[in-house]
Protein chains: 4
Amino acid sequence: MRIGVLTSGGDCPGLNAVIRSVVHRAVVDHGDEVIGFRDGWKGLLECDYLKLDLDAVSGILARGGTILGSSRVQPAHLRDGVERAKGHVAELGLDAIIPIGGEGTLKAARLLSDSGLPIVGVPKTIDNDIAVTDVTFGFDTAVGVATEALDRLKTTAESHQRVLIVEVMGRHTGWIALHSGMAAGAHAIVVPERPFDIEELAAKVGERFEAGKRFAIVVAAEGAKPRAGTMEFDEGGKDIYGHERFAGIARQLSLELEERLGKEARPVILGHVQRGGTPTAYDRVLATRFGWHAVEAVHRGEFGMMTALRGTDIVMVSLAEAVETLKTVPDERYAEAECVL
Amino acid sequence: MRIGVLTSGGDCPGLNAVIRSVVHRAVVDHGDEVIGFRDGWKGLLECDYLKLDLDAVSGILARGGTILGSSRVQPAHLRDGVERAKGHVAELGLDAIIPIGGEGTLKAARLLSDSGLPIVGVPKTIDNDIAVTDVTFGFDTAVGVATEALDRLKTTAESHQRVLIVEVMGRHTGWIALHSGMAAGAHAIVVPERPFDIEELAAKVGERFEAGKRFAIVVAAEGAKPRAGTMEFDEGGKDIYGHERFAGIARQLSLELEERLGKEARPVILGHVQRGGTPTAYDRVLATRFGWHAVEAVHRGEFGMMTALRGTDIVMVSLAEAVETLKTVPDERYAEAECVL
Amino acid sequence: MRIGVLTSGGDCPGLNAVIRSVVHRAVVDHGDEVIGFRDGWKGLLECDYLKLDLDAVSGILARGGTILGSSRVQPAHLRDGVERAKGHVAELGLDAIIPIGGEGTLKAARLLSDSGLPIVGVPKTIDNDIAVTDVTFGFDTAVGVATEALDRLKTTAESHQRVLIVEVMGRHTGWIALHSGMAAGAHAIVVPERPFDIEELAAKVGERFEAGKRFAIVVAAEGAKPRAGTMEFDEGGKDIYGHERFAGIARQLSLELEERLGKEARPVILGHVQRGGTPTAYDRVLATRFGWHAVEAVHRGEFGMMTALRGTDIVMVSLAEAVETLKTVPDERYAEAECVL
Amino acid sequence: MRIGVLTSGGDCPGLNAVIRSVVHRAVVDHGDEVIGFRDGWKGLLECDYLKLDLDAVSGILARGGTILGSSRVQPAHLRDGVERAKGHVAELGLDAIIPIGGEGTLKAARLLSDSGLPIVGVPKTIDNDIAVTDVTFGFDTAVGVATEALDRLKTTAESHQRVLIVEVMGRHTGWIALHSGMAAGAHAIVVPERPFDIEELAAKVGERFEAGKRFAIVVAAEGAKPRAGTMEFDEGGKDIYGHERFAGIARQLSLELEERLGKEARPVILGHVQRGGTPTAYDRVLATRFGWHAVEAVHRGEFGMMTALRGTDIVMVSLAEAVETLKTVPDERYAEAECVL
C-alpha cells in the first residue's frame with residue numbers, strides 16, 4: 001500500500017511520535033510505502049512531499065514539533081481544493097491519507113472523505129476539547145509544563161505577600177487550567193466555560209489572606225472572560241494575519257486584583273512553552289498507539305474514521321461524529337476542583 | 001462524620017495527594033473530622049493516629065512519600081487483628097475508614113469490610129496491575145522517571161558501540177517496562193508475562209548492529225525471566241526479612257549479551273528512583289479525584305467499595321472484584337510495541 | 001555562641017540551603033545556638049524570631065523560598081532602625097548576625113556593621129550582578145529554568161513561521177539573558193547594558209528568514225530598552241506600592257517585530273517562575289558552602305565581611321567592597337554570544 | 001584556515017556544544033573551513049572525516065552524545081600512529097586540530113603537539129578530575145542527574161525504614177559523589193580518595209536510626225573501596241575488551257549494611273544515565289565558551305595549549321601541565337560536606 005501522512009494546525013507534542021509510529025507499522029510490518037506531505041494540507045494541495053522510511057523517522061520519537069511542518073491552510077480555502085487533492089492522490093497512487101490535526105483539520109478530513117478520498121484521521125489538540133476521545137496527545141505535556149511552573153511559583157509567592165496570575169492555554173475550554181490548577185493546588189481557576197465575576201474572584205483570594213496565608217495563585221485559561229459588566233475588559237483583536245490575538249487575561253487580572261486586594265499581583269504568561277518540547281511518556285505512548293491503529297484501520301479499509309482513546313482501548317470513531325461538538329469541562333469536574341469559581 | 005485514613009504497602013507517588021484531597025473534601029466541604037493512622041494498618045491496630053486538618057495537609061500535594069508513613073503489617077497478621085481494628089473503630093467513633101494501598105491492603109480492606117467495618121478503599125500501585133481500574137496513580141510517575149532515564153541513555157549509547165540493559169520496576173507484570181520502552185523507543189523489552197529466549201533476544205539486538213546501528217537499549221522488568229533452559233539464571237532469594245530480593249535481571253543479561261554479541265553491555269538499575277519524588281500532574285489529578293470520590297462514597301454509605309478510573313470517570317467497584325485477578329499486559333498491547341519479543 | 005540569621009529582599013532559590021547549612025555547621029559542629037528572624041530586617045527590628053535547631057531545617061535543602069520569610073524593610077527605613085537593631089542584638093545576647101540578601105541588604109549590613117554590630121553577610125541575587133563574587137546562588141537555577149523554556153520554544157517555533165520573544169529576569173544587567181540565550185542558542189539577545197536599535201534587531205531576525213529558516217527566538221532581559229528614538233517605548237511605572245512595574249519589553253517587541261517582519265510574533269513572560277522552586281545542584285552546593293563559611297568567619301571574628309566565590313574557593317570580602325559597583329556583562333562575554341546585537 | 005575537530009574517549013554532555021561553537025566561530029566569524037574526524041583519533045588515523053558547516057551543527061547544542069562519534073583509539077596505539085596523523089594533517093592541509101577529550105586524549109594531544117602538530121585541546125570529563133581547570137563541562141550535568149535521583153529517593157526511603165545506597169560515577173575521584181551528596185543532603189558519602197571503614201560507615205548510618213530517623217541515603221562513588229581488611233570486597237575485573245568492569249560497590253554495601261544494621265538496604269545504580277542526555281545550561285555555556293576560545297587560540301597560533309576555566313575567565317594552559325596530576329577532592333572540601341566519613 002501507499003500511504004500519505006500530514007500534520008496540520010497548531011503545534012502539539014507527540015506529532016513526531018505519530019509519524020514515526022505510522023512509518024514503523026506500515027513500512028516494517030506491512031511492507032507499505034509512506035510519504036509525508038510538507039506543511040499540512042498545503043503539501044497535498046501543492047504535491048509537496050518527501051519519502052518517509054525508517055531513517056527519516058529515526059530519533060524523532062522524543063522530539064517536539066513536527067518534521068513535516070504544519071500550516072493553517074485547509075482544502076476548503078482554495079476554490080478547487082478538493083479537486084486538486086483528489087488529483088494528487090490519484091497521481092501519487094495513494095491508498096490512504098492519514099491527516100493528523102485538530103478540529104479544523106478533522107473537518108477538512110471529513111470534507112475530503114465525503115468527496116470519496118480514503119481518509120483515516122488522527123486527532124490532535126493540546127486543548128483536549130475533541131469530544132469523541134477520552135484524551136488527545138499533547139494535553140498531558142501541556143498540563144505537565146504548566147504544573148511545573150505552578151510548583152515553582154508556589155514557593156516564591158510564599159516568600160512575599162503576593163498574588164500570581166498564571167495564564168495557560170485554552171481558548172475555548174478550560175481543561176489545561178483545570179488539570180494544572182488541580183495538580184498544583186491553585187487557589188482559584190477561571191475558565192472560558194464560566195465567565196467569572198471579578199468581585200467574587202477578589203473575595204475568594206482575599207479570604208486566603210484574611211485566613212493568614214501569605215500568597216495566592218490564580219490559574220487563568222487564556223480564553224477566560226469576566227461576566228459582562230463586572231470589569232472593563234479588553235478582548236484583544238486580530239493580528240496582521242487575521243488570527244486572534246488575546247489581550248492577555250493575566251495582565252488585566254493582575255491590575256484588577258492588585259487594586260481590589262491591596263497586594264502585589266504579577267502575571268506569568270507561559271504561552272508556547274506549553275506546546276513545545278519533548279512530549280511526556282504518556283503522550284508518546286498515546287501518539288504511538290494512534291499511529292499504529294491508524295495504519296491498521298487503513299489496512300482494514302475503515303475510512304472516514306478517526307482514532308480515539310476510550311478507557312484503555314484505541315477505537316475508531318467516525319469523522320462526522322468527531323467534529324460535532326466541542327468537549328467542554330462538565331460541571332462535576334469543576335466541583336472536584338474546589339478552587340473553581 | 002469521623003473518617004480515618006491510612007496508607008499501607010510500598011511507596012507510591014500520589015499518596016499525599018489522596019490524603020490532602022480526603023481532608024479538603026471532608027473537612028472543608030462536609031464539615032467532617034479526619035484522623036490519619038500512622039504506618040498503615042499498624043496505626044489502626046495500635047490506635048496510633050494524628051488529627052488531619054487543613055494545616056496538616058498544607059503543602060503536601062506535590063510531595064512524594066506519605067506523611068502518614070506506611071508498613072507491611074496487615075490485620076490478618078495478628079491473631080486478633082480484626083477484633084482489635086473493630087474495637088478501635090468503635091472507640092474512636094469512626095464512621096468510615098479509607099485505606100489507600102495495593103493488592104495486599106485491598107485484601108485486608110475486604111476482610112475488614114466483610115467483618116462489618118465501613119470501608120472505602122483507594123487502590124495504589126505503581127505497577128498498574130489492579131484489574132478493575134484503567135490506571136492507578138503512581139504508574140505515570142514511574143513510567144516518566146524510567147523514560148527520562150532511557151532518553152538520556154539513548155544519546156550516550158549512540159556515542160559508542162554499546163548495549164544498555166535498563167531494569168525497571170514490575171515484579172509480576174510488565175506495564176512499566178512496556179510503557180517506558182514504548183515511550184523511549186527501546187529496541188527490546190522483556191517482561192514477566194513472557195519468559196524470554198536469550199538467543200532470540202541476542203539475535204534481535206544483534207540484527208540492529210548488523211544493520212549498521214551503533215547501540216541498543218533493552219528494557220527489562222525486574223520480574224522478567226528467561227524461558228527455562230535457555231540460560232543460567234539466579235532468581236535471587238529472600239532478604240533478612242523474608243522479602244523477595246531479586247538477583248538482578250539487568251546484571252545477568254548484560255553478561256549474557258556481552259558474551260553473545262561481542263559488544264560492551266552495561267546494566268542500569270533505577271530501583272526506588274521510580275517510586276519516589278514528586279508525582280506527575282497526571283498522578284496528582286487522579287489521586288486527588290480518588291480522594292474526593294472516596295469521601296463522597298463514605299457520605300453515600302457505599303462501603304465495601306473502592307474508587308476506580310473508567311475512561312474519564314471515577315466509579316466505585318466492589319473490593320471483592322478488585323482483588324480477584326492481576327491485570328497483566330494483554331497480547332494486543334504487546335503487539336503494538338514492536339520491540340517486545 | 002549565639003547567631004541570628006535572616007533572609008531579606010527578593011526570593012532566590014538556595015536561601016533555605018544557606019539557612020540549613022548555617023544551622024548544621026553552627027549547632028552540630030560548634031555547639032552554637034541559632035535563631036532566625038522572620039521576614040528579614042523586619043524580624044530584627046521587631047524582635048520577631050524563632051529558634052532554629054536541626055528539626056527546624058530538616059527537609060528544606062531542596063525547597064525554594066525561605067522558611068524565614070522575607071521583606072523589603074531595611075533598618076535605614078526607620079529613623080531609629082540602627083539603634084533598635086543594636087538594642088535587640090544586645091537583648092538577645094547575639095554574637096553575630098548573618099544576613100542573606102542582595103544589594104540593598106548588603107548595604108544595610110554594612111551600615112549596621114559600621115555602627116559596631118558583628119555582621120557576616122551572604123550575598124544573594126538571581127541576577128548575578130554582585131561584583132566581588134564570581135557567582136551568586138540562584139543564578140544557575142534562573143538560567144536553567146529560562147533555558148528549559150527556550151528549549152521547548154525552539155521546537156514549537158520551528159513548526160510554524162514565527163518569532164518568539166522571551167522575557168527573562170534582569171532589571172539592570174543581562175546575565176540571565178546572556179547565559180540562557182547562549183545555552184539555548186537564541187538568535188538575538190537584548191540586555192539593559194546595551195540599548196538596542198529596533199531596526200537592527202528586526203534586520204538580524206529578518207536575515208534568518210531570508211536564509212530559509214522558519215523561526216527565530218529573541219531573548220530579552222526585562223530591563224532591556226531601545227536606543228532612544230528608535231521606537232516608541234512604554235517604560236512602565238510604579239505599582240501601588242511604589243515598586244517598579246515594567247510595561248513588558250516582550251509584548252512591545254512582539255508588536256514591533258510583527259509589523260516590521262510580516263511574521264507572527266508572540267511574547268512569553270516567565271516572570272517569577274525563574275526565582276521559585278527547587279534550586280539546581282550547583283546552587284545548593286554554593287549556598288551550602290556560603291553558609292558553612294559564614295559560620296567559620298563568625299567563629300574567627302571576621303566581621304564586616306561577606307562570603308564570595310573565587311574560582312573554586314570560598315573567600316571573605318569586605319562588605320564595603322561588595323556594594324561599590326554593579327557587575328555588568330563585560331564586552332568580551334557579549335562577543336562570545338554571537339547573537340547579541 | 002582549515003581546522004579539524006574530533007571527540008575522543010567516554011561520552012560527556014556538552015561535546016556537541018563545543019563542536020557547534022567551533023564551527024560557528026570559525027566558519028561564520030573567521031571564514032574558516034572546519035572538518036570533523038569520525039570516532040576520535042581513529043578518524044584522524046584513517047582519514048575518515050566529514051565537512052562541518054552551519055547546517056551540520058544545526059540543532060545539536062542541546063543534544064547529548066557527539067555527532068562525530070568517539071572511540072578509545074589513541075595515536076600511540078599504532079606503531080606508526082604519530083607519523084600517520086602528521087601525514088593526514090599535511091594531506092588535508094589542516095592549520096590546526098582541536099581534540100576534545102579527557103586525560104588519555106590530552107596525553108595523546110601532547111604527544112602529537114610535541115611531534116610538531118598544531119594542536120589546541122579542549123578538556124572533557126564528567127569526573128571533573130583535570131587539575132588545571134576549575135571545572136570541565138559534563139560534570140554539572142552528571143551531578144544534576146544524580147541529585148535529581150537522590151531527591152526522589154529521599155521521599156521514598158522516608159516512607160519505610162530503609163537504607164538506600166546510590167552508586168554514582170567517579171572511578172578515581174569523588175567529585176560527583178561529593179557534589180551530588182552535598183546537594184541532596186546525603187547522610188554518608190564514600191569516595192575513592194578515602195578508603196572507608198565499613199564499621200564506621202555502619203555506625204554513622206546506625207546513629208541516624210537511633211536518633212529516631214526512618215531512613216538513610218549513602219552515596220558511593222563507583223571507585224570507592226573499603227579500607228583493607230574491614231570487609232570482603234570484590235574489586236571486579238576486566239570485561240571482554242580488557243576494560244575495567246566494577247563489581248558494584250552499591251550492591252556489596254547494601255548486603256553489608258543490611259547485615260550490620262538489621263534494616264532493609266537496597267542499591268541504585270545510575271550508570272550511564274549520568275553521562276547521557278541534554279547538558280545543563282551551565283555545561284552548554286562552558287562548552288560553548290571552550291569552543292569559541294579554542295578557535296581564537298588557533299588564530300593566535302597558541303598551540304600545545306588547552307582551554308581552561310579560571311574563575312569566570314577562559315584561559316589557555318599548556319597541555320604538558322594539564323596531564324601532570326589528577327585533581328582529587330581536597331580535605332577542606334570534604335570537611336564542608338559533613339557526611340563524608
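Residues numbered from 1 in each chain as written. Chains lettered and ligands numbered in written order. Predicted model: local features only at pLDDT ≥ 70, side-chain atom pairs only at ≥ 80, totals over all residues. Heavy atoms only, no water.

## So, the UniProt feature "binding site: Mg(2+)" (unreviewed entry) in chain A
Residue and element names in this part refer to chain A. In this structure's numbering, the residues bearing the UniProt feature "binding site: Mg(2+)" (unreviewed entry) are Glu103. When you line up the elements, Glu103 lands in helix H4 (residues 103-114). The exposure class assigned to Glu103 is partly exposed, which follows from its relative accessible area of 41%. If we skip the residues at most four places from it in the chain, Glu103 touches Val323 and Leu326. (UniProt positions renumbered as here; feature names shortened; annotations may be inferred. Helix = DSSP H or I, 4+ residues; strand = E, 2+ residues; numbered from the N terminus. Buried < 20%, exposed > 50% of the residue type's maximum accessible area, 1.4 Å probe, protein only. Contact = heavy atoms within 4.5 Å.)

## Things to note about the pattern of salt bridges
Under the defined criterion, the tally for this structure stands at 88 salt bridges over all chains. In this structure, Arg227 of chain D and Glu200 of chain D form a salt bridge, with 3.8 Å as the shortest nitrogen-oxygen distance. Of this pair, Arg227 of chain D sits in the loop between strand E8 (215-221) and strand E9 (237-238) while Glu200 of chain D sits in helix H7 (residues 198-210), and the two are 27 residues apart along the sequence. The exposure class of Glu200 of chain D is partly exposed, given its relative accessible area of 36%. Connected through salt bridges with shared partners, the residues Arg72 of chain A together with Arg162, Glu258, Glu264 and Arg266 of chain C form a single ionic network. (Salt bridge = Lys/Arg side-chain N within 4 Å of Asp/Glu carboxyl O.)

## Describing the interface of chain B and chain D
Tallying the contact residues gives 47 residues for chain B and 47 residues for chain D. For the pair chain B and chain D, the summed buried area comes to about 3,700 Å², and 50% of that belongs to carbon and sulfur atoms. Summed over the shared surface of chain B and chain D, the result is four salt bridges. Inspection of the chain B/chain D interface yields 17 residue pairs in polar contact (both at pLDDT 80 or more). Among the secondary structure elements, those contributing two or more residues to the side of chain B that touches chain D are helix H5 (139-159), strand E6 (162-168), strand E10 (244-245), helix H8 (249-261) and strand E11 (264-269) of chain B. Broken down by class, the residue content of the side of chain B that touches chain D amounts to 12 nonpolar, 19 polar and 16 charged. (Buried area = accessible area lost by both parts, 1.4 Å probe. Polar contact = N/O pair within 3.5 Å; in protein donor to acceptor, adjacent residues only side chain to side chain. Nonpolar A, V, L, I, M, F, W, Y, C, P; charged D, E, K, R; others polar.)

## Concerning the environment of Lys51 of chain D
Relative to the elements of secondary structure, Lys51 of chain D occurs in strand E3 (residues 49-51). Remark: the alpha-carbon pair of Lys51 of chain D and Ile35 of chain D, spanning 16 residues in sequence, is separated by 4.5 Å.

## Some details on the sheet that holds strand E12 (residues 305-310) of chain B
Residue and element names in this part refer to chain B. The strand order E3-E2-E1-E4-E5-E12-E13 describes an open sheet built from seven strands, whose pairing is mixed. Each having just a single partner strand, strand E3 (49-51) and strand E13 (313-318) make up the two edges of the open sheet. For this sheet, the mean angle separating the axes of adjacent strands, direction not counted, is 30°. Across the sheet, helix H1 (residues 15-30) is in contact with strand E1 (2-7), strand E2 (33-37), strand E4 (96-101) and strand E5 (120-123); its angle to E1 comes to roughly 175°. Running over the sheet, helix H4 (residues 103-114) touches E4, E5 and E12 and is turned about 160° from E4. (Pairing = 2+ DSSP bridges. Axes fitted to C-alpha atoms, helices over the stretch in contact; angles between N-to-C directions.)

## A short note on the interface of chain A and chain C
Of the residues lining the interface, 47 residues belong to chain A; the matching set on chain C comes to 47 residues. Applying the counting rule to chain A against chain C returns four salt bridges. Here Arg72 of chain A makes a salt bridge to Glu264 of chain C, at a shortest N to O gap of 3.0 Å. Summed over the shared surface of chain A and chain C, the result is 17 residue pairs in polar contact (both at pLDDT 80 or more). If you list the elements that add at least two residues to the side of chain A that touches chain C, you get helix H5 (139-159), strand E6 (162-168), strand E10 (244-245), helix H8 (249-261) and strand E11 (264-269) of chain A.

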